[in-house]
Amino acid sequence: MGFKKVVKAFGNEILQADGEVDRVKLGQIVFSDPSKRQLLNRLLAPHISMGIFCQILKLWMKGCKVIVLDVPLLFEAKLDKWTKPIIVVWVDPNTQLHRLMARDNSSEYDAKNRINAQMPLEFKREKADIVINNSGSLDDLNEEFRKVLFEVTKPLTWIEFGLSRQGALSALMSIIVGLLMSKYFLAARMTNE
């Protein structure tokens, strides 16, 4: 549904020969024009948010203890209110620019447009609970990730437990047991009177 809205809004020029969206071409359009970027975000945000919610619900029902969301627009979409801890993968600006140019085979101008269209990494870094520094090697990144994984898989606090699947099920069972016991005691009391 979101695909059709995007094609309608931006035209068939954004499509490749195989019918898929040409992400580079669409990126050039939206990262050079803030109003078009806002339009794209308005078109896709509801579909993306619903998809994320459905996946979280499925994983929660399966009993997953840790769910990782990779959301580049976490703060812009106001999803930071619903996630804990917030982990930001940070990189120094020069490395970010060169990696983006290499990844997308883009010009410095296009890469800077894309970076400047996003919330600054420094702002995200300040709002993060945990920061992973990705300015070094892949081995350095893996080591940082192992440290963070250890941190987020520690035992839950009581509040975190209450918000977890196990906590919700425990609360539900407590309510059911409490209702059944009160019904039993009420019936026993009425019988004795």
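Residues numbered from 1 in each chain as written. Predicted model: local features only at pLDDT ≥ 70, side-chain atom pairs only at ≥ 80, totals over all residues. Heavy atoms only, no water.

Here's the deal with the nonpolar core
Quick reminder of the rule: Buried residues of nine kinds, namely Ala, Val, Leu, Ile, Met, Phe, Trp, Tyr and Cys, make up a nonpolar core once their side-chain atoms join them within 4.5 Å. Each residue gets one of three labels from its accessible area relative to the maximum for its type: buried under 20%, exposed over 50%, partly exposed in between, using a 1.4 Å probe on protein chains only. Secondary structure is summarised from DSSP: a helix means a run of H or I of at least four residues, a strand means a run of E of at least two, and numbering begins at the N terminus for each. Contact criterion: two residues are considered in contact whenever any of their non-hydrogen atoms come within 4.5 Å of each other.
By size, the foremost hydrophobic cluster in this structure holds nine residues: Val 6, Val 7, Phe 10, Ile 14, Leu 26, Val 30, Phe 31, Leu 40 and Leu 43. Examining the composition of this core, we find that three residues originate from one element, helix H1 (residues 2-10), more than from any other. Discounting residues that sit within four places of it in the chain, Leu 43 has contacts with Lys 5, Val 6, Ala 9 and Phe 10. The next biggest cluster of nonpolar side chains, apart from the first, holds eight residues, and it includes Leu 74, Phe 75, Val 91 and Leu 121.

Focus: a nonpolar patch on the surface
Let me state the cut-off plainly: The patches described consist of residues with a relative accessible area above 30% and no salt bridge, like charges being joined within 9 Å and nonpolar side chains (Val, Leu, Ile, Met, Phe, Trp, Tyr) within 5 Å. Each accessible area is a Shrake-Rupley estimate made with a 1.4 Å probe; only the visible protein chains count as cover when residues are assessed. Salt bridges, as used here, are contacts in which a Lys or Arg side-chain nitrogen is within 4 Å of a carboxyl oxygen on Asp or Glu.
A cluster of nonpolar side chains, contributed by Leu 169, Leu 172, Met 173, Ile 176, Val 177, Leu 180, Met 181, Tyr 184 and Phe 185, occupies part of the molecular surface with about 900 Å² of accessible area. Looking at where Val 177 falls in the secondary structure, it is placed in helix H9 (residues 165-192).

Points about the packing of helix H4 (residues 93-104) against helix H5 (residues 108-116)
Rule in force here: Axis definition: a line fitted to C-alpha atoms, over the contacting stretch in the case of helices. Angles run 0 to 180 degrees between N-to-C directions. The handedness criterion is simple: a crossing whose near helix is rotated anticlockwise from the far helix by less than a right angle is left-handed, and one whose near helix is rotated clockwise is right-handed. Classification convention: Asp, Glu, Lys, Arg as charged; Ala, Val, Leu, Ile, Met, Phe, Trp, Tyr, Cys, Pro as nonpolar; all other residues, Gly among them, as polar.
The interhelical angle for the contact between H4 and H5, taken along N-to-C directions, is 115 degrees, at an axis separation of 9 Å. Between H4 and H5 lies a crossing of right-handed hand. The segment H4 lies against H5, with Gln 96, Leu 97, Leu 100, Met 101, Arg 103 and Asp 104 engaging Glu 108, Ala 111, Lys 112, Arg 114 and Ile 115. Split into classes, the residues belonging to the contact of H4 with H5 amount to five nonpolar, one polar and five charged.

As for the packing of aromatic side chains
For clarity, the threshold we go by: Classification of ring pairs uses Phe, Tyr and Trp, with its six-membered ring standing for Trp, and accepts pairs whose centres are within 6.5 Å; under 30 degrees between planes counts as stacked, over 60 as edge-to-face, and the remaining range as tilted. In this analysis the charged atom, NZ for Lys or CZ for Arg, is taken to sit over a ring once it is within 6 Å of the ring centre and within 35 degrees of the ring normal.
Under the criterion given, the structure shown has one aromatic pair. The ring centre of Trp 90 lies 4.2 Å from the NZ or CZ of Arg 125, which sits over that ring.

A word on the pairing of strand S1 (residues 87-90)
What counts, and what does not: At least two DSSP bridges between two strands are required for those strands to pair.
Judged by which residues are buried, S1 turns out to be one-sided: Val 88 and Trp 90 face inward and are buried, whereas Ile 87 and Val 89, on the alternate face, are not. Taken together, the four bridges between S1 and strand S2 (residues 130-133) define a ladder with parallel strand orientation. Paired with Val 89 across the strands is Ile 132, a residue of S2.

Notes on the domain arrangement of the protein
Selection rule: Note that the domain bounds were set by an automatic or database domain assignment. Computed with a 1.4 Å rolling probe, the buried area is the accessible surface lost when two parts are put together, summed over both parts. Polar contacts, as used here, are pairs of N or O atoms within 3.5 Å; protein pairs need one atom able to donate a hydrogen and one able to accept it. Residues neighboring in sequence count only if both atoms are side-chain atoms.
When cut into domains, the protein gives domain 1 (1-67), domain 2 (79-154) and domain 3 (156-192). One C-alpha centre belongs to domain 1, the other to domain 2; they are set 21 Å apart. Each partner contributes residues to the interface: domain 1 has eight residues there, and domain 2 has seven residues. Both faces considered, domain 1 and domain 2 share a buried interface measuring about 640 Å² in area, 64% of it formed by carbon and sulfur atoms. At the boundary of domain 1 with domain 2, the tally comes to zero salt bridges. Remark: the boundary between domain 1 and domain 2 carries one residue pair in polar contact (both at pLDDT 80 or more). Looking at the side of domain 1 that touches domain 2, the elements with two or more residues in it are helix H2 (23-30) and helix H3 (34-62). Examining the composition of the side of domain 1 that touches domain 2, we find that three residues originate from one element, H2, more than from any other. Across the side of domain 1 that touches domain 2, the residue classes break down as three nonpolar, three polar and two charged.

Thoughts on the packing of H2 against H3
Note the cut-off: An angle below 35 degrees is treated as roughly parallel, one above 145 as roughly antiparallel, one from 65 to 115 as roughly perpendicular, and anything else as oblique.
Across the interface, H2 lies against H3 with an axial gap of 7 Å and an inter-helix angle of 125 degrees. Here H2 is positioned oblique relative to H3, judged by the angle of their axes. Of H3, the residues touching H2 (which contributes Leu 26, Ile 29 and Val 30) are Lys 36, Arg 37 and Leu 40. Classifying every residue of the contact of H2 with H3 by side-chain character gives four nonpolar, no polar and two charged.

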